[in-house]
Amino acid sequence: MEPRVISGVQFSSLPTSYIRPESDRPKLSEVAELNNVPIIDLGCEDESLIIKQIGDACREFGFFQVINHGVPKELVDKILRVAHEFFSLSMEEKMKLYSDDPSKTMRLSTSFNVKKETVHNWRDYLRLHCYPLEKYVPEWPSTPSSFNYCSEVRQLGFRLQEAISESLGLDKDRIKNVLGEQGQHMAINYYPACPEPELTYGLPAHTDPNALTILLQDLQVAGLQALKDGKWLAIKPHPGAFVVNIGDQLQALSNGKYKSVWHRAVVNADKERLSVASFLCPCDTANISAPKSFPAEGDPNIYRDFTYAEYYKKFWSRNLDQEHCLELFKN
Ligand code: OGA
Ligand code: NI
């Protein structure tokens, strides 16, 4: 079957190309709700406390939430509104933007990597490059015009990278310097209500290939789950919060101290769900190499040095739920 978008289409049953084999289903009844994803208040005046909380969260879990993060509520509300509007466009309008070529800088697509995967995922997504904005905004569909959101999220991402750098005992700017002039992509994910949510995923288990991800979750409908100690846990949306997770590049740069954790999105029978993921990505030529001098440690580097371009190419040449892509870069 030719893959095409699923938003706005009525399905009475799940098409077979979305049905996972029995051994690879979400087993939703076994998923516990996670009440203790750390919620870090970035409005707190004690910067050293923030750094400590971020460090602890990155070491223990790889996921945390931030509140009082400085991204104005109006911009958050607006991007969600615009996203809803976009996915309610007619099929004809949407298909004009459809592409399954990952190298495109603006495209509507579906599932994950439709050319490579054997089973599809119950998701449509609009993927936009967002840095530099002046370069990419002209090609955006006119509806999602929320570029202020992108610049605010970028500033937040830098602030978090500085805190992460300090939490590792490095200079504040060290991580940012290694990552170079960072790219920024946004995936506006739309997960339609699904006739059989037990049989499929919105996104199967994956780690993010970039440096840092800042996710805005729909407040009404949960769906994000992360793997902790071998168990899938649901990350409940928290009002006003972003969910932040460490991507593969920060795992590599921290020499494995901070984890790029497996996560997935599940779907549900009654309601559609939206999420807006902002990805900060090293520049293509960034040389990803863990500092040789982590204080008082001298651990050998787990991963060989590589450029981000090399990594990204490898990531997209695979299926989403294969082994951790970083495994392929071990020394
Ligand atoms: C992603 C992602 C989770 C979600 O886009 O990489 O993990 O809840 N999204 O949509
Ligand atoms: Ni992800």
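Rules used throughout
Residues numbered from 1 in each chain as written. Chains lettered and ligands numbered in written order. Predicted model: local features only at pLDDT ≥ 70, side-chain atom pairs only at ≥ 80, totals over all residues. Heavy atoms only, no water. Pairing = 2+ DSSP bridges. Helix = DSSP H or I, 4+ residues; strand = E, 2+ residues; numbered from the N terminus. Axes fitted to C-alpha atoms, helices over the stretch in contact; angles between N-to-C directions. Contact = heavy atoms within 4.5 Å. Near = heavy atom within 4 Å. Polar contact = N/O pair within 3.5 Å; in protein donor to acceptor, adjacent residues only side chain to side chain. Areas by Shrake-Rupley, 256 points an atom, 1.4 Å probe, with all protein chains shown as cover. Donors = N, O, S within 2.8 Å, 3.2 Å for Na, K, Ca; no water. Buried < 20%, exposed > 50% of the residue type's maximum accessible area, 1.4 Å probe, protein only. Core = buried A, V, L, I, M, F, W, Y, C linked by side-chain atoms within 4.5 Å. Phe/Tyr/Trp six-rings, centres within 6.5 Å; stacked < 30°, edge-to-face > 60°. UniProt positions renumbered as here; feature names shortened; annotations may be inferred. Expected span 1.5 Å × (residues − 1). Arc of directions from axis to C-beta. Salt bridge = Lys/Arg side-chain N within 4 Å of Asp/Glu carboxyl O.

Brief notes about the sheet that holds strand β11 (residues 242-246)
Point 1. Taking strand neighbours across the sheet as the criterion, the 8 strands line up as β2-β3-β11-β8-β13-β6-β5-β4 in an open arrangement whose pairing is mixed. Edge strands, defined here as strands with exactly one partner in the open sheet, are β2 (39-41) and β4 (106-110). Adjacent strand axes in the sheet meet at a mean angle of 25°, parallel and antiparallel pairs treated alike.
Point 2. Relative to β11, strand β3 (residues 63-67) is paired through 4 bridges, and the arrangement is antiparallel. What sits directly across from F63, in β11, is N245.
Point 3. Those strands touched by helix α1 (residues 47-60) are β2, β3 and β11, and its axis lies near 160° from that of β2.
Point 4. Packing of helix α2 (residues 73-87) onto the sheet brings it into contact with β4, β5 (124-129), β6 (183-191), β8 (212-217), β11 and β13 (273-281), and relative to β13 it is tilted by some 115°.

Quick notes on the site of ligand 1
Point 1. Surrounding ligand 1, one finds N189, Y191, L203, H206, D208, L215, L224, H263, R273, S275, A277 and F279.
Point 2. Here an oxygen atom of ligand 1 and a side-chain polar atom of R273 are 2.8 Å apart.
Point 3. In isolation ligand 1 exposes 290 Å². Once the protein is present, 96% of that is buried.
Point 4. Looking at the shell around ligand 1, the elements with two or more residues in it are β6, β7 (203-206) and β13.
Point 5. Among the elements that line the shell around ligand 1, the one with the most residues is β13, at 4 residues.

Some remarks on the coordination of the nickel ion (ligand 2)
Point 1. At this site the nickel ion (ligand 2) is bound by H206 (NE2), D208 (OD) and H263 (NE2), with donor distances of 2.1 Å.
Point 2. Linear spacing of the donor residues for the nickel ion (ligand 2) on their chain is H-x1-D-x54-H.
Point 3. Assessed through its relative accessible area of 5%, D208 is described here as buried.

Things to note about the nonpolar core
Point 1. Y149, L160, I164 and F242 are the most contacted members of the largest nonpolar core, which totals 84 residues.
Point 2. In this view, I164 contacts I54, C58, I175, L212, I246, L250 and Y258; residues no more than four positions away in its chain are not counted.
Point 3. I6, L14, Y18 and V267 belong to the second-largest nonpolar core, a separate cluster that totals 10 residues.

Quick look at the environment of G43
Point 1. In this structure, G43 sits in the loop between β2 and α1.
Point 2. Take G43: its relative accessible area is 48%, and that puts it in the partly exposed class.
Point 3. Along the chain, G43 and A187 lie 144 residues apart, while their C-alpha atoms are 27 Å from each other.

Structural notes on the packing of aromatic side chains
Working definition: an aromatic ring pair is given by the centre-to-centre distance plus the angle between the planes.
Point 1. Going through the model one piece at a time under the given rule, you end up with 14 aromatic pairs.
Point 2. Relative to F329, the ring of F306 lies with its centre 4.7 Å away and its plane at 50°, an arrangement referred to as tilted. Here the residue F306 occupies a position in strand β15 (residues 306-307), and F329 occupies one in the segment after α8 (308-316), the gap between them amounting to 23 residues. The residues F306 and F329 share a single accessibility class, namely buried.

A short note on the UniProt feature "domain: Fe2OG dioxygenase" (unreviewed entry) in the protein
Point 1. Those residues carrying the UniProt feature "domain: Fe2OG dioxygenase" (unreviewed entry) are residues 182-282 in this numbering.
Point 2. Within the segment residues 182-282, helix and strand shares are 6% and 46% respectively, and the terminal C-alpha atoms sit 5 Å apart.

A word on α1
Point 1. Along its 14 residues, α1 runs 20 Å from first to last C-alpha, staying within 8% of the 20 Å computed at 1.5 Å per residue.
Point 2. Within α1, the full set of buried residues consists of I50, I51, I54, G55, A57 and C58. All buried residues of α1 project into a common sector of 165° when viewed along the axis, lining one side. Residues of α1 that are exposed and angled more than 90 degrees away from the buried face: S48, K52 and E60.
Point 3. The elements touched by buried residues of α1 are β2, β3, α5 (147-167) and β11.
Point 4. In the segment just after α1, G62 is the residue with positive phi, at about 80°.

What to know about the pattern of salt bridges
Point 1. Summed over the entire model, instances satisfying the criterion amount to 12 salt bridges.
Point 2. Among the ionic pairs, D77 bridges to K73, the shortest N-O distance being 2.8 Å. Of this pair, D77 and K73 both sit in helix α2, separated by 4 residues, roughly a single helical turn.
Point 3. Of the charged contacts in the structure, one is a salt bridge between K115 and D100, with a shortest N-O distance of 3.6 Å.

Some thoughts on the environment of G247
Point 1. Within the secondary structure, G247 is located in the loop between β11 and α7 (248-253).
Point 2. A C-alpha to C-alpha distance of 17 Å links G247 and I235, two positions 12 residues apart in sequence.
Point 3. G247 has contacts with D208, N210, A211, L212 and S260, leaving out every residue within four places of it along the chain.

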